[in-house]
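An overview of the molecular structure
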Amino acid sequence: MAIHSLYDEVVTITYDYLGPAADRFVVRQIRNHLGKDPEQLTPKDLRRLIDWIRLAMRLISNDSHIIDRYVTDLERLARSRQS
Amino acid sequence: MQAQSKKVYYWYGVLVVIYVLLTLLPAPDKITLAKYHLSSTGLRLLDLTILIPSLAMWLAAFYGYRRLHVYSQTIRGAKDGKPTANLAAGLLVLALGLPLSSILSSALALIARNHTGFAPAATIISNYAAVLYPLAAFIYIGMGARQLGELSERRLSYMQANLVALVVIALGVVFCDLIARSHHDISISYHMSYTLVMLTMAIPYMYIWFLGLLAVMELYSYSKRVNGILYRKSWGLLAFGLGSIIVIDIVLQYLSTMSTWLNGLSLSGLLVLLYILLLALAVAFIVVAFGTKRLMKIEEV
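Cut-offs used in this document
Residues numbered from 1 in each chain as written. Chains lettered and ligands numbered in written order. Predicted model: local features only at pLDDT ≥ 70, side-chain atom pairs only at ≥ 80, totals over all residues. Heavy atoms only, no water. Helix = DSSP H or I, 4+ residues; strand = E, 2+ residues; numbered from the N terminus. Rg over C-alpha atoms; globule rule 2.2 N^0.38 Å. Buried < 20%, exposed > 50% of the residue type's maximum accessible area, 1.4 Å probe, protein only. Contact = heavy atoms within 4.5 Å. Areas by Shrake-Rupley, 256 points an atom, 1.4 Å probe, with all protein chains shown as cover. Salt bridge = Lys/Arg side-chain N within 4 Å of Asp/Glu carboxyl O. Buried area = accessible area lost by both parts, 1.4 Å probe. Polar contact = N/O pair within 3.5 Å; in protein donor to acceptor, adjacent residues only side chain to side chain. Axes fitted to C-alpha atoms, helices over the stretch in contact; angles between N-to-C directions. Parallel < 35°, antiparallel > 145°, perpendicular 65-115°, else oblique. Left-handed = near helix turned anticlockwise from the far one by under 90°. Patch = residues over 30% accessible without salt bridge, like charges linked within 9 Å, V, L, I, M, F, W, Y side chains within 5 Å. Core = buried A, V, L, I, M, F, W, Y, C linked by side-chain atoms within 4.5 Å. Phe/Tyr/Trp six-rings, centres within 6.5 Å; stacked < 30°, edge-to-face > 60°. pLDDT = per-residue confidence, 0-100. Expected span 1.5 Å × (residues − 1). Bend = angle between axes of the 7 residues up to and from the residue.

**Quick notes on the overall build of chain A**
Within chain A, the secondary structure is distributed over four helices and zero strands. Relative to the globule expectation of 12 Å for 83 residues, the C-alpha radius of gyration of chain A, 12 Å, shows essentially globular dimensions. Here chain A holds 83 residues, and the buried ones make up 48% of them. Of the contacts made within chain A by residues no fewer than 6 positions apart, 52% connect residues no fewer than 24 positions apart. For chain A, the exposed surface amounts to about 4700 Å²; the carbon and sulfur share of it is 51%.

Written as structure tokens, this is what we have:
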């Protein structure tokens, strides 16, 4: 079974919201706001990344329902990685 | 990249100057003055009422193209980069083809006015130019739409494929019937034999309509089925704009081949039809620009 990095899991969740633009979006958030390469993303970074993603999504869309759902999905991932 | 893409507006400026000079500098055509019972000043004012909306529509076309081009350059290297670049290339051919074909027609008509023997050649060249640029544009748009379809891993449904075939057949049959009915007029309107018109005009037009309508279906399908709720919403507007451009362009091609019917319309009828089509085309190009702007937002944050 293939081992997925945390970055891959964030992209998989994002794919449901941003489709083919998901990978590019996540890479930009990690590089620009966390100053890291995507593969260096750790569970500790997730909370900060989610905050940045929430902010970025508000600039992209006015649909708060979709944004909340996306953030909830990411928070679920963060909880599962911390436990 | 932005500055480089702005170069298209210089081209727009050059084409506008050429077209305005070709339209307004030569003395008014006496045949047109007599046909519509107009004075020279009246014809000049009429020229302006067609010129200004045409220039606005061309500007909208260049604007729509530029937006899509910048987006395709931003995502180049990504899976959806190449299909989007092909769509942008198709829009560029349309944006350039619209003024270039008008300039060519005006220049040829001007030569034909002074050299009557050149009139048939002028008509034939203009007719083929009107076929060639949409053919090139729709090939690019069709390629882009197909590649997007492959990207979403969903093919057109059996129903959708059948619908495209049915519409193209219906359009083609009516088109060929119109040509056949005006068989005695063909030498006047096309300056070519019936067989040549069928082989070198009707077949390419039907192929263009097939490419265009297939692209509309592929784009519609992509915008409905591609993954990503927000990406899909943004693509919906872009696909609607591109689809509208294709459909309006097909209507324009259809009408341009029905010169006998158009000649029967009154001047006001002709103008109303022209304004509606120019406005619809301009709006469609602006919709493309707005759809692209939404997609670009995803890439900017």
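**Observations regarding the pattern of salt bridges**
Under the criterion given, the structure shown has 14 salt bridges over all chains. B:Asp80 is paired through a salt bridge with A:Arg24; the nearest N and O atoms lie 2.8 Å apart. On the criterion of chain membership, the pair formed by B:Asp80 in the loop between helix 4 (40–74) and helix 5 (81–114) and A:Arg24 in helix 2 (residues 22–34) is interchain, its members lying in two chains. A:Arg24 shares its class with B:Asp80; the two are buried.

**Notes on the interface of chain B and chain A**
Between chain B and chain A, the residue contacts involve 17 residues of the former and 19 residues of the latter. Interface of chain B and chain A: buried area, both sides summed, is about 1500 Å²; carbon and sulfur atoms make up 62% of it. Where chain B meets chain A, there are four salt bridges. With its nearest N and O atoms 2.9 Å apart, the salt bridge here joins B:Glu299 to A:Arg24. Put simply, chain B and chain A have twelve residue pairs in polar contact (both at pLDDT 80 or more) between them.

**Some details on the packing of helix 2 of chain A against helix 12 (residues 267–300) of chain B**
Any two packed helices are characterised by the angle at which their axes cross and by the distance between the axes. Viewed as axis vectors pointing N to C, helix 2 of chain A and helix 12 of chain B meet at an angle of 40°, and their least axial separation amounts to 8 Å. As the angle between them shows, helix 2 of chain A and helix 12 of chain B are arranged oblique. Touching A:Arg24, A:Phe25 and A:Arg28 of helix 2 of chain A are B:Ile298, B:Glu299 and B:Glu300, all from helix 12 of chain B.

**Concerning the packing of helix 4 of chain B against helix 12 of chain B**
Residues and elements named next belong to chain B. At a minimum axis distance of 8 Å, the contact between helix 4 and helix 12 shows a crossing angle of 20°. The pairing of helix 4 with helix 12 is recorded here as roughly parallel in orientation. For the element pair helix 4 and helix 12, the recorded crossing hand is left-handed.

**Some details on a nonpolar patch on the surface**
Residues and elements named next belong to chain B. On the surface, Ile139, Tyr140, Met143, Tyr207 and Phe210 cluster together into a nonpolar patch covering about 430 Å² of accessible area. Looking at the element boundaries, Tyr207 is found in helix 9 (residues 194–225). Judged by its relative accessible area of 41%, Tyr207 falls in the partly exposed class.

**Some points on the nonpolar core**
In terms of nonpolar packing, the biggest core is built from 110 residues, with A:Val10, A:Leu18, A:Phe25, A:Met57, B:Leu91, B:Tyr231 and B:Trp235 touching the most fellow members. Setting aside chain neighbours within four positions, we find A:Met57 in contact with A:Leu18, A:Phe25, A:Ile67, A:Tyr70 and B:Leu230.

**Focus: the packing of aromatic side chains**
Residue and element names in this part refer to chain B. For the coordinates displayed, the defined rule picks out ten aromatic pairs over all chains. With a centroid separation of 5.8 Å and an interplanar angle of 25°, the aromatic rings of Tyr205 and Trp209 are classed as stacked. Linking Tyr205 with Trp209, this pair stays in helix 9, spanning four residues, or about one helical turn. Of the residues examined, Tyr205 reaches a relative accessible area of 2% and is grouped as buried. Counting every residue linked through ring pairs, the aromatic cluster contains Phe175, Tyr205, Trp209 and Tyr254.

**Focus on the side chain of B:Asn86**
All names here are of chain B. Positionally, Asn86 belongs in helix 5. There is a polar contact of 2.8 Å between the side chain of Asn86 and the side chain of Gln147. Leaving out residues up to four positions away in the same chain, Asn86 has contacts with Tyr140, Ile141, Met143, Gly144 and Gln147.

**Regarding the confidence of the model for chain B**
Of all residues in chain B, 97% have pLDDT values of 70 or greater, and the mean over the chain is 90. As a predicted assembly, this complex carries a pTM of 0.90 together with an ipTM value of 0.89.

**Remarks on the side chain of B:Asn127**
By the element assignment, B:Asn127 lies in helix 6 (residues 119–151). We classify B:Asn127 as buried; its relative accessible area is 18%.

**As for helix 9 of chain B**
Here helix 9 of chain B is 32 residues long and its end C-alpha atoms lie 44 Å apart, about the 46 Å a rise of 1.5 Å per residue gives. Bending of helix 9 of chain B peaks at approximately 30° at the position of B:Ala202, with proline B:Pro204 no more than four residues after it.

**A look at unusual backbone geometry**
You will see that B:His191, though not glycine, has its phi angle at about 55°, which is positive. Structurally, the position occupied by B:His191 is in the loop between helix 8 (186–189) and helix 9.

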